[in-house]
Amino acid sequence: MRPARLRLPAHCRPTDSHIAAEQEALVGHFTARLQAGDSPTDDDLAEELGDEVRPQLSSLVAKGWLVVDAERSLTLSRIGQAAVSSRRDVFGGGPGQ
């Protein structure tokens, strides 16, 4: 007998993991900050890059690329880590590299 496959509820699954060029640039900037040892919040990034990044950050969270931890810091999700690691040409590597 095969074990049942666990499936996340629809509201927990990203509906679209593709991101726009603007979002790629934001992920690249964010990844560079992580590599430098920083753990920015959305407020930190909005202060640095302008309030117009807030909708992009929300979209990246909704798509499963970023997650918010208990201290409100943003971090790359497993989806984001995998994408960054596989797209070094775009993102310049992953956290810790």
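Residues numbered from 1 in each chain as written. Predicted model: local features only at pLDDT ≥ 70, side-chain atom pairs only at ≥ 80, totals over all residues. Heavy atoms only, no water.

This part is about the overall build of the chain. On a plain count of helices and strands, the chain comes out with five helices and two strands. Secondary structure elements of the chain occur, N-terminal to C-terminal, as α-α-α-β-β-α-α. Out of the 97 residues belonging to the chain, those deemed buried represent 33%. The contacts in the chain between residues at least 6 apart in sequence include a share of 54% that link residues at least 24 apart. Accessible surface for the chain amounts to roughly 6500 Å². Of this, 52% is attributable to carbon and sulfur atoms. (Helix = DSSP H or I, 4+ residues; strand = E, 2+ residues; numbered from the N terminus. Buried < 20%, exposed > 50% of the residue type's maximum accessible area, 1.4 Å probe, protein only. Contact = heavy atoms within 4.5 Å. Areas by Shrake-Rupley, 256 points an atom, 1.4 Å probe, with all protein chains shown as cover.)

Unusually for a residue other than glycine, Arg72 sits at a positive phi of about 75 degrees. Given a relative accessible area of 43%, Arg72 falls into the partly exposed group.

What follows is about the nonpolar core. The biggest cluster of nonpolar side chains holds 16 residues, and the ones touching the most others in it are Val27, Phe30, Leu57, Leu60, Trp65, Leu66 and Leu76. Elements with a contribution of two residues or more to this core: α1 (21-35), α2 (42-49), α3 (53-62), β2 (74-76) and α4 (78-86). For Phe30, the contacting residues outside a window of four places in its chain are Pro40, Leu45, Leu66, Leu74, Thr75 and Leu76. (Core = buried A, V, L, I, M, F, W, Y, C linked by side-chain atoms within 4.5 Å.)

Here the chain averages 80 in pLDDT, while 71% of its residues score no lower than 70. Per-element confidence in the chain is highest for α2, whose mean pLDDT is 95, and lowest for helix α5 (residues 88-91), whose mean pLDDT is 58. Across residues 8-15, confidence stays below pLDDT 50; counting only partners more than four residues off in sequence or on other chains, it has six contacts. (pLDDT = per-residue confidence, 0-100.)

We now examine α1. The terminal C-alpha atoms of α1 lie 21 Å apart, and with 15 residues this matches the ideal 21 Å at 1.5 Å per residue to within 8%. Within the span of α1, buried status applies to Gln23, Leu26, Val27, Gly28, Phe30, Thr31, Arg33 and Leu34. (Expected span 1.5 Å × (residues − 1).)

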